[in-house]
Amino acid sequence: MNIRPATPADALSIGTVRCTAWRHAYEGLIPREILDHLDPREDVPRFLPVLVDPDGIFLVAEEEGEVTGFLFGGANRDLEPSPYEGEIYALYVLPPRQRRGTGTALLDRFAQAWVSRGRWSALAWVLEKNPYEDFFPRSGARPLDRREILLEGTPLSVRGYGFQDLRGRGEGGR
């Protein structure tokens, strides 16, 4: 597996990973109408600007030339003060590659890139009750608040998970 910075040429593959992972993980949690209408081609215009944003960190996992996962993160978007400088906005892996180290490899590379910018902490918001909700706590993040969000008018509950210090992650430390 190769972890590398994403490029604009990856936009459609990233959209495919997101749509496939959403359908797999969020079945029964997000209305079927939303999942049925996911289209990777519609993700391309949304991903292109962030793929070239120097403030963000956008990584892909690649195996045998195929993008099998991605992580996008950067500065914490919270409007309220937070002890967490960064945020993992999205981390998705194709179902056949889940629970095989792809997410961990992406998280480790993000941590290294984030720390290289002189920042140590980051959080992630995760849809509650999805089968992969345990990824961040198993990776060393501590549980934070719960929030309600709206997705196309549907209220959903998300849980925050925070890493207080990412230094050493991916270098034999967690």
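Calculation rules
Residues numbered from 1 in each chain as written. Predicted model: local features only at pLDDT ≥ 70, side-chain atom pairs only at ≥ 80, totals over all residues. Heavy atoms only, no water. Helix = DSSP H or I, 4+ residues; strand = E, 2+ residues; numbered from the N terminus. Polar contact = N/O pair within 3.5 Å; in protein donor to acceptor, adjacent residues only side chain to side chain. Contact = heavy atoms within 4.5 Å. Pairing = 2+ DSSP bridges. Axes fitted to C-alpha atoms, helices over the stretch in contact; angles between N-to-C directions. Buried < 20%, exposed > 50% of the residue type's maximum accessible area, 1.4 Å probe, protein only. Phe/Tyr/Trp six-rings, centres within 6.5 Å; stacked < 30°, edge-to-face > 60°. Lys NZ or Arg CZ within 6 Å of the ring centre and 35° of its normal. Core = buried A, V, L, I, M, F, W, Y, C linked by side-chain atoms within 4.5 Å. Parallel < 35°, antiparallel > 145°, perpendicular 65-115°, else oblique. Left-handed = near helix turned anticlockwise from the far one by under 90°. Nonpolar A, V, L, I, M, F, W, Y, C, P; charged D, E, K, R; others polar.

Caption draft 1: Here's a closer look at the side chain of E62. Note that E62 resides in strand β2 (residues 57-63). Of the polar contacts made by the side chain of E62, one reaches the side chain of R4; its length is 3.2 Å. What E62 contacts, discounting residues up to four positions off in sequence, is M1, N2, R4, V67 and T68.

Caption draft 2: Spotlight on the sheet that holds strand β1 (residues 2-5). In spatial order, the strands read β1-β2-β3-β4-β5-β7-β6; together these seven strands make up an open sheet with mixed pairing. Taken across any chain shown, the strands that pair with only one partner, and hence form the sheet edges, are β1 and β6 (142-151). Each adjacent strand pair in this sheet contributes to an overall mean axis angle of 25 degrees, direction not counted. Alignment of β1 against β2, held across four bridges, turns out to be antiparallel. Opposite I3, over in β2, you have A61 as the bridge partner.

Caption draft 3: Broad picture of the environment of R138. Counting through the fold element by element, R138 comes out in helix α5 (residues 135-138). Exposure remark for R138: the relative accessible area of 54% places this residue in the exposed category. Along the chain, R138 and T104 lie 34 residues apart, while their C-alpha atoms are 10.0 Å from each other.

Caption draft 4: Representation of the packing of aromatic side chains within the structure. The full count for this structure, using the stated rule, is eleven aromatic pairs. Seen from their ring centres, F47 and F70 are 5.9 Å apart, and the 70 degrees between their planes marks the pair as edge-to-face. In this pair, F47 is assigned in helix α3 (residues 40-51) and F70 in strand β3 (residues 66-75), connecting sequence segments 23 residues apart. For the pair formed by F47 and F70, the shared burial category is buried. An aromatic cluster is present here, built from W22, Y26, F47, F58, F70, F72, Y89 and Y92 joined pairwise through their rings. The side chain of R18 reaches across the aromatic face of W22, ending 4.7 Å from its centre. Above the face of the W120 ring, R167 is positioned so that its terminal group lies 4.4 Å from the ring centre.

Caption draft 5: Quick look at the nonpolar core. Grouped together as the largest cluster of nonpolar side chains are 26 residues, with contacts concentrated most on I14, Y26, I30, F58, F70 and Y92. At the level of elements, α1 (11-25), α2 (32-36), α3, β2, β3, β4 (86-93) and β7 (154-163) are the ones that each hand at least two residues to this core. Per-element tally for this core: the top contributor is α1, with seven residues. Here Y92 is in contact with V17, R18, A21, W22, Y26, G69 and F70, once residues within four sequence places are set aside.

Caption draft 6: Representation of the packing of α1 against α3 in the model. As a packed pair, α1 and α3 sit with axes 8 Å apart at the nearest point and diverge in direction by 120 degrees. Taken together, the axes of α1 and α3 are oblique relative to one another. For the pair α1 and α3, the crossing hand works out as right-handed. Between α1, through A11, L12, I14, G15, T16, R18 and C19, and α3, the contact on the second element is made entirely by P40, R41, D43, V44, R46, F47, L48 and L51. Considering only residue class, the contact of α1 with α3 consists of nine nonpolar, two polar and four charged.

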